[in-house]
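Secondary and tertiary structure notes
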Amino acid sequence: MDVERKPLDDTVIIRPFYSTDSEQVLNVYFTGLVSGVDSAGYFAVTRAFLHWAPMYLAYFLSVSGGGTLLLALRTDIQILGLAIVFLSCCFMFFVYYRIRNAFLGYYQDGLRHDMTDISQYYRQDHEKDGYPIRRFWVAEISSMTSESGYEVVGCVALDCSLNRDEPMIGELKRLFVLPTHRKRGIGTKLIQTVIAFAKEQNITSLRLETTNFQPVAREMYTRLGWYHHDTRDSDFEAGDMKMSFVEYLLPL
Ligand SMILES: CC(C)(COP(=O)(O)OP(=O)(O)OC[C@H]1O[C@@H](n2cnc3c(N)ncnc32)[C@H](O)[C@@H]1OP(=O)(O)O)[C@@H](O)C(=O)NCCC(=O)NCCS
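What counts as what
Residues numbered from 1 in each chain as written. Predicted model: local features only at pLDDT ≥ 70, side-chain atom pairs only at ≥ 80, totals over all residues. Helix = DSSP H or I, 4+ residues; strand = E, 2+ residues; numbered from the N terminus. Contact = placed C-beta atoms within 7 Å. Core = buried A, V, L, I, M, F, W, Y, C linked by C-beta atoms within 7 Å. Buried ≥ 20, exposed ≤ 12 C-beta atoms within 10 Å, placed from the backbone. Near = placed C-beta within 6 Å. Pairing = 2+ DSSP bridges. Axes fitted to C-alpha atoms, helices over the stretch in contact; angles between N-to-C directions. Parallel < 35°, antiparallel > 145°, perpendicular 65-115°, else oblique. Left-handed = near helix turned anticlockwise from the far one by under 90°. Nonpolar A, V, L, I, M, F, W, Y, C, P; charged D, E, K, R; others polar. Right-handed = clockwise from strand over helix to strand, strands pointing away.

The name an unreviewed UniProt entry assigns to the chain is Acyl-CoA N-acyltransferase, from the organism Lentinula guzmanii.

Below, the structure is given as C-alpha cells:
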C-alpha cells in the first residue's frame, strides 16, 4: 500500500521521560490504545460497525422503523416504528459501549501497572546490580501553543525486569504516536532508540506484544526485522472477529 510519508524533520527529539510529561503521555497512551485512528479500540469499533452482519440488520431495522414512523397514519404503527428505531439504536450503542469499555479496561490495566506513575516505575535508582532495566522515552516537538513550549507526540518503554541469572530479554512496550504525527518515522525512531539502548545494556533479545487488531504496527514490526513468535487468543470479540495477543521477538 502506498502511504504518504512526511519527512522526519529535526524538530522531533527523542529523549527520556520527565515527570512533567505525565499528562501529555497519558493522552498519547489513551489515543493510541482506545480512541485514535489505527488504535486497537478504533479497529474493533470499525470492525463491528462496518463488517458485521448483525450490525447491517440493525441499520436496516432503524431505517425501516424510521420509514414506518414517517409514513404511517395510525398511531399504534408509529409507536411500533419508534420502538424498532429505539431498539436498534440501543443495540448499536450497546456494541459501542461494550467495545469502548473493554479498551478502557486495557487502558486502566496499564494505569495500575506502570502508567500511573511513570517516573516511579521507570526510575533508575532502584536498580540493584544493574536490574531491573527500565526506561521510558518520549518524542517531543516544539510547540508555540503549548505552555511548556513543546508537545509530546509519541512514547515508548523498555522493561527488562528479570534478574541477571535469567536470559536477558527486554520488553518493548507503550509504543504510541499521536495520529497527527504518524508516518514521519517517529515510531521507527522510537523503536531504534530502544534497540540501541538495549544493545548497550547487553540485552540479548527484545520481545513485544501487540494484537491482531493493530495491523499497521504488525506490518511495521515485520518490516523492521521482528519475527512472529506466538499468538494466543483473548476472550474479546469485536463483531465476528476474535482478538488475539501476538508476540514478536527481535534477537539483538
Ligand atoms: C504503530 C505506530 C506507532 C507507527 O508510528 P509512526 O510514527 O507512524 O511510524 P513510522 O512513521 O515510523 O512508520 C512506520 C511504517 O509504517 C507505515 N505506516 C504508518 N502508518 C500507516 C498506516 N496508517 N497505513 C499503512 N502504513 C502505515 C509507514 O509508512 C512506515 O513504513 P515505511 O517505513 O515502509 O515507510 C502508530 O501507527 C501508532 O501509534 N499506532 C497506534 C498504536 C499502536 O498500534 N501501537 C503499537 C502498540 S503494540
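Re the overall build of the chain
The helix and strand inventory of the chain stands at seven helices and seven strands. In the chain, the succession of α and β elements from N to C terminus is β-α-α-α-α-α-β-β-β-α-β-α-β-β. The dimensions of the chain, computed from C-alpha atoms along their principal axes, are 80 × 45 × 40 Å. Across the chain, the fraction of contacts at a sequence separation of at least 24, relative to all contacts at a separation of at least 6, is 62%.

Concerning the nonpolar core
Core analysis: the largest hydrophobic core is formed by 36 residues, its most contacted members being Cys155, Val156, Leu158, Leu172, Leu190 and Val194. Of all the elements in the fold, those that place two or more residues in this core are helix H1 (22-35), strand E2 (133-142), strand E3 (150-160), strand E4 (169-177), helix H6 (186-200), strand E5 (205-211), helix H7 (215-223) and strand E7 (241-251). Of all the elements, E3 adds the most residues to this core, at seven residues. The residues touching Val156, leaving out its near neighbours within four places in the chain, are Trp137, Leu172, Arg174, Leu175, Leu190, Ile191, Thr193 and Val194. Formed by 16 residues, the second largest nonpolar core is a distinct cluster that contains Phe30, Ala40, Tyr42 and Val45.

As for the site of the ligand
Near the ligand there are 22 residues, and of these Arg182, Gly187, Thr188, Thr210 and Ala217 occur at the shortest range. At the level of elements, E4, H6 and H7 are the ones that each hand at least two residues to the shell around the ligand. Counting residues per element, the shell around the ligand draws most heavily on H7, at four residues.

Some points on the sheet that holds E7
If you walk across this open sheet you meet the seven strands as E1-E2-E3-E4-E5-E7-E6, and the pairing is mixed. The sheet is open, and its two borders are formed by strand E1 (13-16) and strand E6 (227-238), each paired with just one other strand. Strand-to-strand, the axes of this sheet are offset by a mean angle of 25 degrees, without reference to chain direction. Where E1 lies against E2, four bridges are found, and the strand directions are antiparallel. If you follow Pro16 over to E2, its bridge partner there is Trp137. Sitting on the sheet, H6 touches E1, E2, E3, E4 and E5, and the angle it makes with E3 is about 35 degrees.

Remarks on the packing of helix H2 (residues 40-50) against helix H4 (residues 75-115)
Put simply, H2 and H4 touch, their axes get as near as 10 Å, and they point 160 degrees apart. Considered as vectors, H2 and H4 are oriented roughly antiparallel to each other. When you trace H2 past H4, the crossing you get is right-handed. On the side of H2, the interface is formed by Ala40, Gly41, Ala44, Val45 and Ala48, while H4 contributes Val95, Tyr96, Ile99, Arg100 and Phe103. Here the residues of the contact of H2 with H4 are counted per class, giving eight nonpolar, one polar and one charged.

Some points on the packing of H1 against H2
For the pair H1 and H2, interaxial distance at closest approach is 3 Å and the crossing angle is 25 degrees. In terms of their interaxial angle, H1 and H2 are classed as roughly parallel. Packed against H1, whose contacting residues are Leu33, Val34 and Ser35, the element H2 presents Ala40, Gly41 and Tyr42 at the interface. Classifying every residue of the contact of H1 with H2 gives four nonpolar, two polar and no charged.

Quick word on unusual backbone geometry
A positive phi is found at Asp38, a non-glycine position, where the angle reads about 70 degrees. In this structure, Asn202 takes a positive phi of about 65 degrees despite not being glycine. Position of Asn202 relative to the elements: it lies in the loop between H6 and E5.

A word on the pairing of E5
Residues in a regular strand project their side chains so that they alternate between the two faces of the sheet. The side-chain alternation of E5 yields one buried face, formed by Leu206, Leu208 and Thr210, and one unburied face, formed by Ser205, Arg207, Glu209 and Thr211. The pairing of E4 with E5 spans three bridges and is parallel. Looking at the pairing, Gly170 lines up with Leu206 of E5. Each parallel crossover has a hand, and for E4 linked through H6 to E5 it is right-handed.

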